[in-house]
There are 2 protein chains.
Amino acid sequence: MYASTLARGLLANKLKEYKVTANPLRPLDPGDQIEIGPFVIEPFRVGHSIPDAMGYAIHTPVGTVVHTGDFKFDQTPADGKAADFAILARLGAQGVLALVSDSTRAEAPGYTPSEQVVGQAFKSIISDAPGRVIVATFASNIARIQQVLDAAGEFRRKVAVVGRSMEQNVKIARDLGYLTFPTPLIAKEEIGRRSKEPLVIATTGAQGEPMAGLAKMANGEHRNVEIQNGDTVIVSASPIPGNEEAVGRTIDNLFKSGANVIYHSIAQVHVSGHASQEELKMMLALTKPRHFVPMHGEMRMQVAHGRLATQMGVSASNVFIIDNGTPIEFYADGSARRTTPVAHGAVFVDGASVGEISEIVLRDRRTLADDGIVVIFATVDAQSGKPVGRPVLVTRGFLNGDEDNKLVEATISIALKAIQHKSDRSAETGLIKAQLSEAVSRFLSRETRRRPLVVPVVVEV
Amino acid sequence: MYASTLARGLLANKLKEYKVTANPLRPLDPGDQIEIGPFVIEPFRVGHSIPDAMGYAIHTPVGTVVHTGDFKFDQTPADGKAADFAILARLGAQGVLALVSDSTRAEAPGYTPSEQVVGQAFKSIISDAPGRVIVATFASNIARIQQVLDAAGEFRRKVAVVGRSMEQNVKIARDLGYLTFPTPLIAKEEIGRRSKEPLVIATTGAQGEPMAGLAKMANGEHRNVEIQNGDTVIVSASPIPGNEEAVGRTIDNLFKSGANVIYHSIAQVHVSGHASQEELKMMLALTKPRHFVPMHGEMRMQVAHGRLATQMGVSASNVFIIDNGTPIEFYADGSARRTTPVAHGAVFVDGASVGEISEIVLRDRRTLADDGIVVIFATVDAQSGKPVGRPVLVTRGFLNGDEDNKLVEATISIALKAIQHKSDRSAETGLIKAQLSEAVSRFLSRETRRRPLVVPVVVEV
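So, here's what we can say about the structure. Small disclaimer: the values here were computed from a predicted structure and weren't measured.

Overview of the sheet that holds strand S13 (residues 260-262) of chain A
All names here are of chain A. Reading across the sheet, the 6 strands line up as S10-S9-S11-S8-S12-S13 and stay open at both edges, with parallel pairing between neighbours. Every other strand in the sheet has two partners, leaving strand S10 (185-186) and S13 as the edge strands with one partner each. When strand S9 (residues 159-162) meets S10, the two strands line up parallel, connected through 2 bridges. Bridging from a neighbouring strand, Ala 160 pairs with Ile 186 of S10. Lying on the sheet, helix H3 (residues 115-128) is in contact with strand S8 (133-136), strand S11 (200-203), strand S12 (232-235) and S13; it crosses S12 at an angle near 170 degrees.

Some words on the interface of chain A and chain B
When the parts come together, some accessible area is lost, and that loss is often what is quoted as the size of the interface. The interface of chain A with chain B comprises 53 residues on the first partner and 53 residues on the second. Interface of chain A and chain B: buried area, both sides summed, is about 4300 Å²; carbon and sulfur atoms make up 61% of it. Ranking the residues of chain A by area buried against chain B places Arg 300, Arg 365 and Arg 396 of chain A at the top, with a combined share of 13%. The interface formed by chain A and chain B holds 6 salt bridges in total. Measuring nitrogen to oxygen at the nearest pair gives 3.7 Å for the salt bridge that ties Asp 323 of chain B to Lys 256 of chain A. Our count for the contact surface shared by chain A and chain B stands at 16 residue pairs in polar contact (both at pLDDT 80 or more). Contributing elements (two or more residues each) for the side of chain A that touches chain B: helix H7 (244-256), helix H9 (299-311), helix H10 (359-371), strand S19 (373-380), strand S20 (392-396), helix H12 (429-448) and strand S21 (453-460) of chain A. Along the lines of polarity and charge, the residues of the side of chain A that touches chain B split into 23 nonpolar, 11 polar and 19 charged.

A short note on the sheet that holds S19 of chain A
Residues and elements named next belong to chain A. Taken together, the 3 strands give an open sheet; going across it, the order is S20-S19-S21, and neighbouring strands pair in mixed fashion. In the strand order of this sheet, the two ends are held by S20 and S21, each with one partner. Ignoring which end each strand starts from, the neighbouring axes of this sheet average 15 degrees apart. The sheet contact formed by S19 and S20 spans 5 bridges and is antiparallel. From the neighbouring strand, Ile 373 faces S20, where its bridge partner is Arg 396.

Brief notes about the relation of the copies chain A and chain B
Rotating chain A by 180 degrees and translating it 0.1 Å along the rotation axis places it on chain B, where the RMSD comes to 0.2 Å. In symmetry terms, the pair is related by a two-fold rotation axis. It is Ala 369 of chain A whose C-alpha, among those of chain A, lies nearest the rotation axis, at 2.5 Å. With an isologous cut-off of 70% or more, the 100% of interface residues of chain A that recur at the interface of chain B puts this contact in the isologous class.

Observations concerning helix H12 (residues 429-448) of chain B
Each α-helix winds once per 3.6 residues, and so residues spaced three or four apart point in a common direction. Residue and element names in this part refer to chain B. Here H12 is 20 residues long and its end C-alpha atoms lie 28 Å apart, about the 28 Å a rise of 1.5 Å per residue gives. Turning to H12, its buried residues are Ile 432, Leu 436, Ser 437, Ala 439, Val 440, Phe 443, Leu 444, Ser 445 and Thr 448. Just beyond H12, the residue with positive phi is Arg 449, at close to 55 degrees.

The rules behind the values
Residues numbered from 1 in each chain as written. Chains lettered and ligands numbered in written order. Predicted model: local features only at pLDDT ≥ 70, side-chain atom pairs only at ≥ 80, totals over all residues. Heavy atoms only, no water. Pairing = 2+ DSSP bridges. Helix = DSSP H or I, 4+ residues; strand = E, 2+ residues; numbered from the N terminus. Contact = heavy atoms within 4.5 Å. Axes fitted to C-alpha atoms, helices over the stretch in contact; angles between N-to-C directions. Buried area = accessible area lost by both parts, 1.4 Å probe. Salt bridge = Lys/Arg side-chain N within 4 Å of Asp/Glu carboxyl O. Polar contact = N/O pair within 3.5 Å; in protein donor to acceptor, adjacent residues only side chain to side chain. Nonpolar A, V, L, I, M, F, W, Y, C, P; charged D, E, K, R; others polar. Least-squares fit on C-alpha atoms with pLDDT ≥ 70 in both. Expected span 1.5 Å × (residues − 1). Buried < 20%, exposed > 50% of the residue type's maximum accessible area, 1.4 Å probe, protein only.

Written out as structure tokens, the structure is:
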């Protein structure tokens, strides 16, 4: 595994956390170049929401493939290190076989604003804030955290960092020289005692994650930070699709706790780490690729990105809108074609099992979640097949305890009738079970208009 | 129930659908006035995404309360009938005790664009479309549907309507004179035969609802409409928070089916039916309320709306940011105060049960959905408490059938041991069950790192 310096620091920490003793990490920083098999890999600096983000030129025997990684072109980034246009221009002049490029914001016209815009917003908010300022963002967004530190420094406010992943990342980034602290860092345990001081607190949970710093503060459950009147909270992120409701709930709860909340809808306290259309066109203009593969985005974003490429001169037949797992083969004559998809997808980790849970188990869980379960136990005589005693009924997620006793009794009677009927013939357990299941399912569906999972169990004694 | 003419038509249809024979609907249209108990109700026309939307002035013995309903100020609405500024200005001059106003877009600066903008976008898209144009929107958005009809008419394209709720609403709106058809309406059953004609098809499912017209078309499962190359699909809606993923998936599937899809991110094919900040300020300026209650919006939108009100001169202590169910009492001296919240909330309809499902049942369903269920049945001798035979184990949503046989056998052994241990003492069923449950739960949690619902059942014979 090759990674740039900060990424290595963050990954080494994760490996330690998961008790991996081998160290597979090798250095690869902007300006380096490595040979792997028939490939020469040449990383180039791009802008993104973490320092030292890189794209890669992969020189192959049939031509050069440029992979942008996540990128934007920020002329005034937080760390002062802009994307390397010179390498991109050189690659374009030498000839690029294919460009594989970030499509996250291919639907957005214009340019993604510079990280500087956020820094200015932070300063203006902190300048006006009557009390503490709490800023929530991604734990990995070291650039954003630096801007929090800088803005706090400008108003001589002390800083605290709260949230396990952010604390770890800040420590690593500081040790590696990626973060500077204009004002002293306060231990989180001291926040309570210093509740009257105008601290600036950086924390996690900007996506409304229920176990992260911000949601705990919003719910009054945080060990170190209790929201108080006069607090200003900045939610420095846009909700990732699917998280809108959780983020909204967190903001609402912060308002209820007495904080003033500033978030993406009402101030520019977040900018994306991904390029908008004009930057994507700039990437296409610099690299002048023969083939184009829009990646990192939903199909509709890939389609939008593909249109930009054809506008920039890529032949429409050389644009590959592909699903995950679809390989593209490149040939010595400069042609390319998509080939048979390979196996890919998510692996479900469930407790101690990794990728072992079957579709049947998941389907059962869905049924259980919708309507619960009814287990009907019947004991029958092994010789005669006649029921021994009354069947026993167990339900979960279906009936409300006592009040449904009548329904339980009626169901048991239906079940008993189903077995008595069966016991006239041979006592084949499989048949008895099927009959039991059908009779109980039909009865319950008619009575309740619900369809619990009905499980018949027949024991011979 | 009082309602305007179109609303009465739509509601009468719903009552019929649910086989309600009583007719509780009474007419109340803009310009009418009614007396109910001590109140005089005076509706006034507002702009919204359905014709004849109204707000209400409620004249009470202690003053006038203005309730806006859902509203916007559209100077060029689809039906040509703009909001009634004159009534609002008169109310303001006479004195308004309290304004209760729509907060949906209180975070959005400026004005909500006119519905006209969408009509122009439709015309421009239909003009360029090489083949059929399919427009998805809300079934109740009669104004939007009229614009689809008008745009189709301008290019002499015939029209079809697909989707049960939209078909019903279009029929009702046409019968009541709320829709006009410049070009003929084609029956949906004819769409297949006319697949080469440049039809315009209005349909439902703009929120990605899996059972609605658009999602079915996107999945190739629609009875009447098969997406073909050259089709243009307009998704004329913004995703309601929580629906982003479903809408995105529908758009992606339409692209995969070969359609060109135009949606809110890439063209103005939707405008909100709710007022933005400048319109909200206009409402405040016209009515000049003493008290202000922002409604219809999350807490953060109510807060944003409350700030607009104080900017417009309402005293901050007269702004009531309240949860659902919180009453506000108004007094003859013009004062107001919030009082004790009343019972309110959602009623859960589950099969044939309405509001009867308990929190315990719901909690069980969540556990079942996460990790499934394990039922352990043990038969014991009523006298001695000794186990009769081996316990029986039933699991659903937990183990993968055969491959986990070893775990099942081990669990049964653990269970048997738990009962044998118990049988030394008295055979108290409750105790045996607790012991059984604890032993099995602990064993399974240790072995699988999962926590299924463990249900012990002990039968005495």
